Amino acid sequence: MEKDTLLLLYGGRSAEREVSVLSAESIMHAIDYNQFIVKTFFITKDGDFIKTQEFCQKPSDTEKLMTNDSILPNQKIKPSDIYEKNAVVFPVLHGPMGEDGSIQGFLEVLKMPYIGTNVLSSSVAMDKITTKYVLKAANIPQVDFVPVIEGEKIDEKIHHIETKLNYPVFVKPANMGSSVGISKADNKEELRQALFLAFKYDSRILVEQGVDAREIEVGLLGNGEVKSTLPGEVIKDVAFYDYDAKYIDNKISMAIPAELDDACITKMRLYAETAFRAIGGCGLSRCDFFLTNDGQVYLNEINTMPGFTKWSMYPLLWQNMGLSYSDLIKELVQLAKEMFNKRENHLI
């Protein structure tokens with residue numbers, strides 16, 4: 001049987017590059033090498049493309065992908081050199097310049113099928129402020145929020161935030177994920193400091209009402225026909241689920257499936273599928289919800305390229321539904337091919 005070629009793009013220019021490497025290494029080890037040849041390409045923090053390892057068979061458990069500390073400069077290539085006829089690209093990239101539609105547009109120009117959402121849905125979901133407005137139009141409940149745009153008078157915005165929201169609030173760069181640059185603020189001075197930190201990562205900031213809630217996540221898979229998972233719950237050992245808690249200190253655990261009543265499960269899956277369609281989603285996404293003590297459900301975020309390590313919520317949610325990590329990758333490749341053919345047929 002002739003094998004398919006899967007190109008893994010990993011690394012990237014955003015502050016989430018370390019998560020990307022972890023995800024790509026997990027995928028590299030989980031792939032069915034009876035069906036795939038894997039070629040890997042690292043995008044450095046400066047945006048250079050480096051041709052890294054190739055695998056025709058399962059690598060050893062200790063095999064690591066090249067990173068900024070181990071790349072070989074003489075393997076630098078032009079970005080367009082990744083092109084290979086009939087290959088499918090898995091852009092395992094998180095954050096700006098990877099999950100925001102930029103790499104998706106590049107791959108469409110190259111005329112290559114790729115895993116994940118398209119240009120528009122990637123860019124809409126990446127920007128938390130824009131996502132809020134799209135979800136509002138789809139009548140999906142969210143916590144109250146105030147956008148803060150660079151150039152606005154901070155003192156006036158702080159006054160507006162304090163008028164509309166109650167402490168604590170959460171301050172987030174609009175175009176980052178993995179909790180990078182996010183802070184919790186319990187008073188005016190902490191709010192000011194949180195805004196200052198967030199502006200290091202973006203010029204658009206989202207300030208959200210803090211709520212005492214469980215954090216529930218639902219996986220999505222499909223193109224025209226969307227499938228959702230039973231919800232899973234993030235169990236935190238810390239008050240605030242920041243980057244270090246997620247990826248460095250491992251201060252979280254997961255309950256899959258989450259202990260929820262049937263009505264709540266049905267509501268979350270419906271909201272997740274509706275949100276996915278509202279942004280024009282295809283391939284995969286993960287919807288993150290808040291569930292308050294009084295039973296209110298709020299959709300917090302849509303993540304179009306969720307973490308893909310073997311211990312990440314998204315693949316574990318599908319494993320709970322009977323779809324193994326390896327088979328999930330196969331399904332995503334088929335969805336990528338399907339969407340590529342559809343896009344090409346639309347170019348009448």
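Our subject is the structure listed above.
Residues numbered from 1 in each chain as written. Predicted model: local features only at pLDDT ≥ 70, side-chain atom pairs only at ≥ 80, totals over all residues. Heavy atoms only, no water.

Caption draft 1: Inspection of the nonpolar core at higher detail. Judged by nonpolar contacts, the single largest core of 33 residues is most densely connected at Leu-6, Ile-27, Phe-90, Ile-115, Phe-308 and Leu-332. Counting residues per element, the ones that place at least two in this core are β1 (4-11), α1 (17-30), β2 (36-43), β3 (49-55), β5 (88-91), α9 (313-320) and α10 (325-346). In this structure, Ile-27 is in contact with Leu-8, Phe-90, Val-92, Phe-308, Tyr-325 and Ile-329, ignoring residues within four places of it in sequence. Listed in part, the 24 residues of the second largest apolar core include Ala-125, Ala-258, Ala-275 and Leu-299. (Core = buried A, V, L, I, M, F, W, Y, C linked by side-chain atoms within 4.5 Å. Buried < 20%, exposed > 50% of the residue type's maximum accessible area, 1.4 Å probe, protein only. Helix = DSSP H or I, 4+ residues; strand = E, 2+ residues; numbered from the N terminus. Contact = heavy atoms within 4.5 Å.)

Caption draft 2: Structural context of the sheet that holds β3. Pairing is mixed across the open sheet formed by five strands, whose spatial order is β4-β3-β2-β1-β5. A strand with exactly one partner marks an edge of an open sheet, and here the two such strands are β4 (76-77) and β5. Here five bridges tie β2 to β3, and the two strands are oriented antiparallel to one another. Considered in β3, the bridge of Lys-39 is made with Glu-54. (Pairing = 2+ DSSP bridges.)

Caption draft 3: A look at the pairing of strand β14 (residues 283-292). Burial analysis of β14 places 10 of its 10 residues in the buried class, which makes it a mostly covered element. The sheet contact formed by strand β10 (residues 213-222) and β14 spans 10 bridges and is antiparallel. The partner of Leu-221 across the bridge, within β14, is Leu-284. As paired strands, β14 and strand β15 (residues 297-303) are joined by six bridges and run antiparallel to one another. Note that in β15 the partner of Leu-291 across the bridge is Val-297.

Caption draft 4: Structural context of helix α4 (residues 128-137). Of the positions making up α4, those classed as buried are Lys-128, Ile-129, Thr-131, Lys-132 and Leu-135. For α4, the angular spread of the buried residues around the axis is 160°, confining them to a single face. Regarding α4, its N-cap is Asp-127, as a side-chain oxygen of that residue lies 3.1 Å from the backbone nitrogen of Ile-129 further along. (Arc of directions from axis to C-beta. Polar contact = N/O pair within 3.5 Å; in protein donor to acceptor, adjacent residues only side chain to side chain.)

Caption draft 5: Representation of the packing of helix α3 (residues 119-126) against α4 within the structure. Orientation of α3 relative to α4, taken along the N-to-C sense of each, is 105°, at an axis distance of 5 Å. Put simply, α3 runs roughly perpendicular to α4. The segment α3 lies against α4, with Val-124, Ala-125 and Met-126 engaging Lys-128, Thr-130, Thr-131 and Val-134. Split by residue class, the contact of α3 with α4 holds four nonpolar, two polar and one charged. (Axes fitted to C-alpha atoms, helices over the stretch in contact; angles between N-to-C directions. Parallel < 35°, antiparallel > 145°, perpendicular 65-115°, else oblique. Nonpolar A, V, L, I, M, F, W, Y, C, P; charged D, E, K, R; others polar.)

Caption draft 6: Expanded view of the environment of Val-207. You can see Val-207 is positioned in strand β9 (residues 204-209). Taking the C-alpha atoms as reference, Val-207 lies 32 Å from Leu-9; in sequence the two are 198 residues apart. Those residues in contact with Val-207 that lie beyond four places of it in its chain are Asp-144, Phe-145, Val-146, Val-148, Ile-161, Leu-165, Val-169, Phe-170, Val-171, Leu-191 and Leu-195.

Caption draft 7: Broad picture of the sheet that holds β9. Reading across from one edge, β6-β9-β7-β8 is the order of the four strands in this open sheet, with antiparallel pairing throughout. The strands lining the two open edges of the sheet, one partner per strand, are β6 (145-149) and β8 (183-185). Ignoring strand direction, the axes of neighbouring strands in this sheet form an average angle of 25°. Pairing of β6 with β9 involves five bridges; the strand directions are antiparallel. Across the sheet, residue Val-148 finds its bridge partner in β9, namely Ile-205. Against the sheet, helix α6 (residues 188-198) touches β6, β7 (169-173), β8 and β9, its axis set at about 15° to β7.

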